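Fold and geometry: a report
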Amino acid sequence: SDIPFLAVGDAAAAFDPISGSGLCFAFRSALEAAAVLCEARSGRGSHYLGYQQGVRNVFNEHLHRRSELYRHERRWQTATFWARLGIQSLWKATQI
C-alpha cells in the first residue's frame, strides 16, 4: 500500500534547547503523524502534505522565537558559546 513515511520529533525538526519546545513538538508531531497514517491506511485519504507543511510552519515559528531569544540575551556576550553562534550582529542591530 501507499502509506507514507512520516518523520516525527527530532527526525522531522530539531529545536534549539533554549526554546524548551522540543519535547512538546515530539509528542504533538507523533500524534498528528499517527492520525495521518491511520487515514492513509483506512483509505480515507491522506493529509500527508498538510502534515509536512505543518512541521515547516512550526519550525519556522521556532526560528523566529529563537532569534528573538538570542537577540535579547546579553548577560554573557563575551562567552565562547555565544561567540560561536555568531549572534553579535543581532546584538549590534538591536542596541538597547
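Right above here is the structure, for reference.
I will try to describe carefully the structure that is included in this document.

How each quantity is defined
Residues numbered from 1 in each chain as written. Predicted model: local features only at pLDDT ≥ 70, side-chain atom pairs only at ≥ 80, totals over all residues. Heavy atoms only, no water. Helix = DSSP H or I, 4+ residues; strand = E, 2+ residues; numbered from the N terminus. Buried < 20%, exposed > 50% of the residue type's maximum accessible area, 1.4 Å probe, protein only. Contact = heavy atoms within 4.5 Å. Areas by Shrake-Rupley, 256 points an atom, 1.4 Å probe, with all protein chains shown as cover. Core = buried A, V, L, I, M, F, W, Y, C linked by side-chain atoms within 4.5 Å. Phe/Tyr/Trp six-rings, centres within 6.5 Å; stacked < 30°, edge-to-face > 60°. Salt bridge = Lys/Arg side-chain N within 4 Å of Asp/Glu carboxyl O. Axes fitted to C-alpha atoms, helices over the stretch in contact; angles between N-to-C directions. Parallel < 35°, antiparallel > 145°, perpendicular 65-115°, else oblique. Left-handed = near helix turned anticlockwise from the far one by under 90°.

Let's talk about the overall build of the protein chain
When its secondary structure is counted, the protein chain shows four helices and zero strands. Put simply, the protein chain runs from its N terminus to its C terminus through helices and strands in the order α-α-α-α. Per-residue burial over the protein chain gives 23% buried out of 96 residues. Across the protein chain, contacts joining residues at least 24 apart in sequence account for 47% of those joining residues at least 6 apart. Working note: accessible area of the protein chain is about 6,800 Å², and carbon and sulfur atoms make up 58% of it.

Regarding the nonpolar core
Note on soluble globular proteins: their nonpolar side chains tend to be buried together. Membership of the largest hydrophobic core is limited to nine residues, which are Leu6, Ala13, Phe15, Phe25, Ala33, Val36, Tyr51, Val55 and Val58. The set of elements that each furnish at least two residues to this core consists of helix H1 (22-42) and helix H2 (48-72).

Section: the packing of aromatic side chains
Under the criterion given, the structure shown has two aromatic pairs. Judged by centre distance (5.8 Å) and plane angle (75 degrees), the rings of Phe15 and Phe59 are edge-to-face. Linking Phe15 in the segment before H1 with Phe59 in helix H2, this pair joins segments that are 44 residues apart in sequence. With relative accessibility at 11%, the residue Phe15 sits in the buried group. Judged by its relative accessible area of 25%, Phe59 falls in the partly exposed class. Taken together through their ring pairs, the aromatic side chains of Phe15, Phe25 and Phe59 make up a single cluster.

Considering the environment of Asp10
Relative to the elements of secondary structure, Asp10 occurs in the segment before H1. Residues Asp10 and Ser29 lie 19 residues apart in sequence; the distance between their C-alpha atoms is 9.7 Å.

Some details on the pattern of salt bridges
This model, assessed by the stated rule, comprises one salt bridge. A salt bridge links Glu32 to Arg28; the shortest N-O distance between them is 3.1 Å. Of this pair, Glu32 and Arg28 both sit in helix H1, four residues apart, which is roughly one turn of the helix. Judged by relative accessible area, Glu32 falls into the partly exposed class, the value being 35%.

Focus: the packing of H1 against H2
Two elements in contact, H1 and H2, have axes whose closest approach is 10 Å; the angle formed by their N-to-C orientations is 170 degrees. By the angle between their directions, the pair H1 and H2 is classed as roughly antiparallel. Relative to H2, H1 is oriented so that their crossing is right-handed. Facing Phe25, Arg28, Ser29, Glu32, Ala33 and Val36 of H1, the residues of H2 in contact are Tyr48, Tyr51, Val55 and Val58.

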